[in-house]
Amino acid sequence: MISQMEGSAAVAQSVALCRPDVICAYPISPQTHIVEGLGALVKGGTLAPCEFLNVESEFAAMSVAIGASAAGARTYTATASQGLLFMVEAIYNASGLGLPIVMTVANRAIGAPINIWNDHSDSMSQRDCGWLQLFAESNQEAVDLHIQAFRLAEELSMPVMVCMDGFILTHAYERLDIPSQEQVDAYLPPYDPRQVLDPAEPVSIGAMVGPEAFMEVRYLAHAKQTMALDLIPQIAAEFEAGFGRKAGGLVRGYRTEDATTIVVALGSVVGTLEETVDAMREGGAKIGVLSIRSYRPFPLAAVRAAMKDCERVVVLEKSFSVGMGGVVAADVRLALSGIQVHGYTVVAGLGGRPITQTSLTRMLGDAMADRLAPLTFLDLNHDIVNRQLAREAGMRRSGPIAENLLRDIGGKVEATP
Amino acid sequence: MAVGAMTMLQIRIHGRGGQGVVTAAEMLSIAAFEQGAHAQAFPSFGSERTGAPVVSFCRIDTRPIRSREPISAPDALIIQDAHLLHQVDVFQGLSPQGYVLINSGRTIAELGVAEVAARLPQGRVITLPASEIALRHLNRPLPNAVLLGGFAALTGIITLEAVVHAIHDKFKGRVAEANAAAATEAYVMLKVPA
């Protein structure tokens, strides 16, 4: 049914249509509305049978998810930011054990300084944890990706993160098409676990593995993610056949066919980039956008195929490896090894800094003229950065950086909530 | 200025935490959807606290909306708290053909925004005592739904019927009825007979 609704409420409905047996909930902005929505659906009897567990922390949320999944339950949870970091040890266990848990990450920055706004630092910090990571461009795609995620997770027996931009998507109201229960049931069969803790047929899950087989277990995780490179497009094609719209897949190009410049990005900024590209095309610029929808596994071949005829690549990312530069950019470079293209990394939108068409147009113009720095921070306020550097050069006790910068821009310094 | 007659319309709502600023943008988007338009509403993503300045946004278009950036060049402004007029640059980026609806029982001159009004076409800056109307209907000075009724009359972007539908989508029972009655009163108050 098509209606105007909040992204989080829509994701809650989508997850409910997947008939999860267990939901582990711990609140953290900007994810909270999703589990609240699911809690209401369970309490109201719409989602039944389902065990909705309020746990005491994110670490508990993932630990309970592991137990539930190992017992054969279709299991879901959601988190963001520091919450994701708090569950990290259990996150690695979930993938190491091959448990097909689905988790929404409502992407948000990581502190310090404390910041509740959107960027991709949280899920990017977990890119090597063994979970598959799918990125949603819009709330409709977030709705659709959750349905695909359960299929994918259970066919591979691997956990899947669905990453959606916190606030920008989770708190946005837009026109959304929520599928029917019949459609979802036809697409997503009941969970048939590869391994299950069953008193009638006892097994142990979670053996200690020494040097004799550890590498092989890890290799198999990689082999499964490699298999997912074939499975993800297949599942997306079946989704399109059943639901009548496109969602998911490895990558999606927009006006890339004849583009000499291609911007690579993930998540909701792709929409803003499409508007920017359309406007620049009217001025004659041959520019396009490549949206990476599966970040893990990383589609090296698909990215390479999309880029093979272009002259320059701009990777625009809401993540940043301190002391190195781009996170996504490093992967894109690997996809392009042997291809001679100009490569630019643009870090943008950290901690919720708006990414505007005006700034994108200026930056992309600089890139097309090949006068962009190899590593650029979009709309960085060099003035306050330089003032702090001068302060640190001029005195020993220069004080806390965040507070200094806030005073420099005339903002209020607030106590940590 | 009806939807369909032109390109994307962008509305920015200024108010304070607790005044239903975010809900107003959401209801506006529901009203636009009800009329067959594409609409996108989102908050300014702050850690909203009661009394703190809050901004929300709504885009309305005939085609799907892809841009996700905050609205910097609005076609219309709704100011839920007139005290913000001189505390925050609420008029920033306003279209020269824009509309401004201010929650106040005072005149434009009394509010000190006559200069802004002079830069816009005649009749584009309007005040509406929305908190007083809300107080009478709801026993609470919550101006958001009332202002949407006034917004429908001022701009014609959305109809009163769509606003009433959106109110019933967001609220239930007596609260919905009272808000709808208050919005209707505001609409009648501002509607210029055709």
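Note that this is a predicted model, so its numbers are computed, not measured. (Residues numbered from 1 in each chain as written. Chains lettered and ligands numbered in written order. Predicted model: local features only at pLDDT ≥ 70, side-chain atom pairs only at ≥ 80, totals over all residues.)

Engineer: Summarise the overall build of chain A; cite the residues concerned and give the values.
Structural biologist: Of regular secondary structure, chain A possesses 15 helices and 15 strands. Rg of the C-alpha trace for chain A: 22 Å, near the compact-globule value of 22 Å for 417 residues, within the 12% margin. When burial is assessed residue by residue, chain A has 49% of its 417 residues classed as buried. Residue pairs in contact within chain A that sit at least 24 positions apart in sequence constitute 77% of those at least 6 positions apart. (Helix = DSSP H or I, 4+ residues; strand = E, 2+ residues; numbered from the N terminus. Rg over C-alpha atoms; globule rule 2.2 N^0.38 Å. Buried ≥ 20, exposed ≤ 12 C-beta atoms within 10 Å, placed from the backbone. Contact = placed C-beta atoms within 7 Å.)

Engineer: Provide a residue-level description of the overall build of chain B, including the pertinent values.
Structural biologist: Looking only at helices and strands, one finds seven helices and six strands in chain B. Of the regular secondary structure in chain B, the N- to C-terminal order runs β-α-β-β-β-β-α-α-β-α-α-α-α. For chain B, the C-alpha radius of gyration of 15 Å lies close to 16 Å, the compact-globule estimate for 194 residues. Dimensions of chain B, computed from C-alpha atoms along their principal axes, come out at roughly 45 × 40 × 40 Å.

Engineer: Any details on the packing of helix 1 (residues 7–17) of chain A against helix 2 (residues 32–43) of chain A? Residues and values, ideally.
Structural biologist: Residue and element names in this part refer to chain A. Following both chains from N to C, one finds helix 1 and helix 2 inclined at 50°, their axes separated by 8 Å at the closest point. Between helix 1 and helix 2, the angle is such that the two are oblique. The interaxial crossing formed by helix 1 with helix 2 has right-handed handedness. Only His33, Ile34, Gly37, Leu38 and Leu41 of helix 2 make contact with helix 1, whose side of the interface consists of Ser8, Ala9, Val11, Ala12, Val15 and Ala16. Here the contact of helix 1 with helix 2 is composed, by residue class, of eight nonpolar, three polar and no charged. (Axes fitted to C-alpha atoms, helices over the stretch in contact; angles between N-to-C directions. Parallel < 35°, antiparallel > 145°, perpendicular 65-115°, else oblique. Left-handed = near helix turned anticlockwise from the far one by under 90°. Nonpolar A, V, L, I, M, F, W, Y, C, P; charged D, E, K, R; others polar.)

Engineer: Hey, could you go over the interface of chain A and chain B for me, with residue numbers and the actual values?
Structural biologist: Contact residues are listed per partner, giving 22 residues for chain A and 18 residues for chain B. The set of elements that each furnish at least two residues to the side of chain A that touches chain B consists of strand 8 (173–177) and helix 10 (269–282) of chain A. The residue makeup of the side of chain A that touches chain B, split by class, is ten nonpolar, eight polar and four charged.

Engineer: With reference to specific residues and values, describe the sheet that holds strand 13 (residues 312–317) of chain A.
Structural biologist: All names here are of chain A. Spatially, six strands are ordered 9-11-10-13-14-15 in an open sheet, and the strand pairing comes out mixed. Here the strands that pair on one side only, and so sit at the sheet edges, are strand 9 (251–254) and strand 15 (375–377). In this sheet, neighbouring strand axes are inclined to one another by 20° on average, regardless of whether the strands run parallel or antiparallel. Relative to strand 14 (residues 342–347), strand 13 is paired through six bridges, and the arrangement is parallel. Considered in strand 14, the bridge of valine 313 is made with glycine 343. (Pairing = 2+ DSSP bridges.)

Engineer: Summarise the pairing of strand 3 (residues 51–54) of chain A; cite the residues concerned and give the values.
Structural biologist: In terms of strand pairing, strand 2 (residues 22–25) of chain A meets strand 3 of chain A through four bridges, oriented parallel. Bridge pairing in strand 3 of chain A places Ala25(A) opposite Asn54(A).

Engineer: Can you explain the environment of Leu94(B)? Please cite residues and give values.
Structural biologist: Residues and elements named next belong to chain B. Mapped onto the elements of the fold, leucine 94 is located in the loop between strand 4 (76–79) and strand 5 (99–103). Looking at leucine 94, the number of C-beta atoms within 10 Å reads 20, which means it is buried. For leucine 94 and isoleucine 71, which are 23 residues apart along the polypeptide, the C-alpha to C-alpha distance reads 9.9 Å.

Engineer: Describe the sheet that holds strand 2 of chain A, listing the residues and the values that go with them.
Structural biologist: Residue and element names in this part refer to chain A. With respect to topology, seven strands assemble into an open sheet ordered 3-2-4-5-7-6-12, the strand pairing being mixed. The open sheet has two edge strands with one neighbour each: strand 3 and strand 12 (294–296). Each adjacent strand pair in this sheet contributes to an overall mean axis angle of 20°, direction not counted. Relative to strand 12, strand 6 (residues 132–135) runs antiparallel, the two being bridged by two bridges. By the bridge assignment, leucine 134 is partnered in strand 12 with serine 294. Packed onto the sheet, helix 7 (residues 139–156) meets strand 5 (102–107), strand 6 and strand 7 (160–165) and runs at close to 170° relative to strand 7.

Engineer: Describe the confidence of the model for chain B, with residues and values.
Structural biologist: All names here are of chain B. Looking at chain B as a whole, the pLDDT averages 93, with 94% of positions reaching at least 70. The model gives residues 1–5 a pLDDT under 50, and that stretch makes 13 contacts with residues more than four places away or in other chains. Predicted as a complex, the structure gets a pTM of 0.96 and an ipTM equal to 0.94. (pLDDT = per-residue confidence, 0-100.)

Engineer: Give me the nonpolar core: which residues, what numbers.
Structural biologist: Among the nonpolar cores identified, the biggest contains 189 residues, and Val162(A), Val264(A), Leu28(B), Val163(B) and Ala183(B) are the most heavily contacted of them. With ten residues, helix 1 (residues 21–34) of chain B is the largest single contributor of residues to this core. Taken together, domain 1 (2–243) and domain 2 (251–377) of chain A each give at least three residues to this core, which thus spans both. Not counting chain neighbours up to four residues away, the residues in contact with Val163(B) comprise Ala31(B), Leu148(B), Gly149(B), Ala152(B), Ile158(B) and Ala183(B). (Core = buried A, V, L, I, M, F, W, Y, C linked by C-beta atoms within 7 Å. Domains from an automatic or database assignment.)

Engineer: Describe the pairing of strand 2 (residues 38–43) of chain B, with residues and values.
Structural biologist: Residues and elements named next belong to chain B. Among the six residues that make up strand 2, five are buried, leaving the element largely enclosed by the rest of the structure. Pairing geometry for strand 2 and strand 3 (residues 53–61), over six bridges, is antiparallel. Bridged to alanine 39 within strand 3 is isoleucine 60.

Engineer: Which residues make up the domain arrangement of chain A, and what values do they have?
Structural biologist: All names here are of chain A. Domain parsing of chain A yields domain 1 (2–243) and domain 2 (251–377). Each of domain 1 and domain 2 has a C-alpha centre, and the two are 27 Å apart. Counting residues at the interface gives 27 residues for domain 1, matched by 21 residues for domain 2. Contributions of two or more residues to the side of domain 1 that touches domain 2 are made by helix 6 (121–124), strand 6, strand 7 and helix 9 (214–243). At five residues, the largest contribution of residues to the side of domain 1 that touches domain 2 is made by helix 9. Along the lines of polarity and charge, the residues of the side of domain 1 that touches domain 2 split into 14 nonpolar, nine polar and four charged.

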